[in-house]
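This is what each chain is made of:
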Amino acid sequence: MAPDGFLHIAEYLSPDQQSRLLAEIRAAIAAAPLYIPTMPRTGKPLSVQMTNCGPLGWVTDKIGGYRYQAHHPETGRAWPPIPDMLKTIWADVAPTAPPPEACLINCYAADSRLGLHCDADEAEFTAPVVSLSLGDDAWFRIGGLKRRDPTSRLRLRSGDLVVLGGAARLAYHGIDRILPGTGSLLDAPGRINLTLRRVT
Ligand code: MD6
Ligand code: FE
């Protein structure tokens, strides 16, 4: 059982809203190209490509490790702004939280995964982390506050919203795998996940 404050709302976005959001994200990717992040210390590449929008973006590399920074690691330019649509969703889901500062854009290929982790690189854990999924379905794993706590899995589909707030803010979670060909939004197999965060 996931801790209190874990929320999954299936079909939060209509197909039309998903298409509009996808267009915004493609524009953000055009301004801030996807890149392959690497693990702290080992320099091992992640299987997920990433970029960000917002005043701050989450990055990782061999030397600097996990962190937030205001510029793209490869172009050196500021991240593009968070689309208004995402700010509105944040205000709906987290009405008492200050506005989001970072939107991490994760792009999964058919064989990408994201290991069990908790989102703990922010200076503040009062605000929730809000996520939206686009494209193919994925198996999402959610556990407890300790890495070894029991986990369960649930299927995330295009348009689904997940919130990690309250006692679940620091719960371990990850993506076991993508189910290629299950979604109709993208023109190739894969999945995009957006995570909105307050950082400071
Ligand atoms: C994903 N999601 O769905 C990965 N983190 O691809 C996350 O890592 C995540 O969905 C914090 C809050 C919600 C999430
Ligand atoms: Fe996460």
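Chains are numbered independently. Their residues run from 1 in the order of the written sequence. Here chains are named by letter from A upward and ligands by number from 1 upward, in the order in which they appear as written. Totals for whole chains, interfaces and linings use every residue, but because this is a predicted model, local features are given only for residues with pLDDT of at least 70 and side-chain atom pairs only at 80 or more, for both listing and counting. In computing side-chain properties, one takes all heavy atoms of the structure into account and sets aside hydrogens as well as water.

A. Structural context of the coordination of the iron ion (ligand 2). Coordination of the iron ion (ligand 2) by the protein comes from H117 (NE2), D119 (OD) and H173 (NE2), over a distance range of 2.1 to 2.3 Å. Only nitrogen, oxygen and sulfur atoms within 2.8 Å of the metal, or 3.2 Å for Na, K and Ca, are treated as donors, and water is left out, so sites may look incomplete. In the primary sequence, the donor residues of the iron ion (ligand 2) line up as H-x1-D-x53-H. Of this pair, H117 sits in strand β6 (residues 114-117) while H173 sits in strand β11 (residues 173-179), and the two are 56 residues apart along the sequence. To qualify as a helix, a DSSP run of H or I must reach at least 4 residues; to qualify as a strand, a run of E must reach at least 2; elements of each kind are numbered from the N terminus.

B. Representation of helix α2 (residues 84-93). Among all positions of α2, only M85, L86, I89 and W90 are buried. Seen end-on, α2 carries its buried residues on one side only, within an arc spanning 140 degrees. What points out from α2, more than 90 degrees from its buried face, is the exposed set D84 and D92. In this description, contact between two residues means that some pair of their heavy atoms is separated by no more than 4.5 Å. Here the buried face of α2 lies against α1 (15-31), β5 (102-108), β7 (129-135), β10 (161-164) and β12 (191-197). Residue exposure (1.4 Å probe, protein chains only): buried if accessible area is under 20% of the type maximum, exposed if over 50%, otherwise partly exposed. Of all possible arcs, the one meant is that of the directions from the helix axis to the C-beta atoms.

C. Representation of the pairing of β7 within the structure. Of all seven residues that make up β7, seven are buried, and the element is covered over most of its length. Strands pair, by our definition, only if DSSP identifies at least two bridges between them. One ladder, built from four bridges, connects β7 with β10; its direction is antiparallel. Each bridged residue has a counterpart across the sheet, and for S131 the counterpart in β10 is V162. Both β7 and β12 contribute to a ladder of six bridges, which runs antiparallel.

D. Seen up close, the site of ligand 1. Close contacts around ligand 1 come from 13 residues, with Y108, H117, S131, H173 and R191 the closest. Whenever two N or O atoms come within 3.5 Å, that pair is a polar contact, provided that in protein one can donate a hydrogen and the other can accept it, and provided that, for residues adjacent in sequence, both atoms are side-chain atoms. Here a nitrogen atom of ligand 1 and a side-chain polar atom of H173 are 2.8 Å apart. Reported accessibility uses the Shrake-Rupley method at a 1.4 Å probe radius. Residues are deemed covered only where the shown protein chains occlude them. About the coverage of ligand 1: the protein hides 99% of its 340 Å² of free accessible area. Counting residues per element, the ones that place at least two in the shell around ligand 1 are β6, β7, β11 and β12. With three residues, β12 is the single largest residue contributor to the shell around ligand 1. Side-chain classes are defined by residue name, with Ala, Val, Leu, Ile, Met, Phe, Trp, Tyr, Cys and Pro counting as nonpolar, Asp, Glu, Lys and Arg as charged, and the others, Gly among them, as polar. Within the shell around ligand 1, the residues separate by chemical class into six nonpolar, five polar and two charged. We call a residue near a molecule or strand when any one of its heavy atoms sits within 4 Å of it.

E. Region of the structure containing the sheet that holds strand β8 (residues 137-142). A sheet is described by the order of its strands in space; here four strands give the open sequence β6-β11-β8-β9, paired in antiparallel fashion. Each having just a single partner strand, β6 and β9 (152-156) make up the two edges of the open sheet. For this sheet, the mean inter-axis angle between neighbouring strands, taken without regard to orientation, is 25 degrees. Geometry is summarised by axes, namely lines fitted to C-alpha atoms with helices restricted to the contacting stretch, and by angles between N-to-C directions that run from 0 to 180 degrees.

F. Layout of the sheet that holds β7. Spatial ordering of the open sheet is given by β1-β10-β7-β12-β5-β2, a layout of six strands whose pairing is antiparallel. The sheet terminates laterally at β1 (6-9) and β2 (48-53), the two strands that pair on one side only. Here the average twist between neighbouring strands, direction ignored, is 15 degrees.

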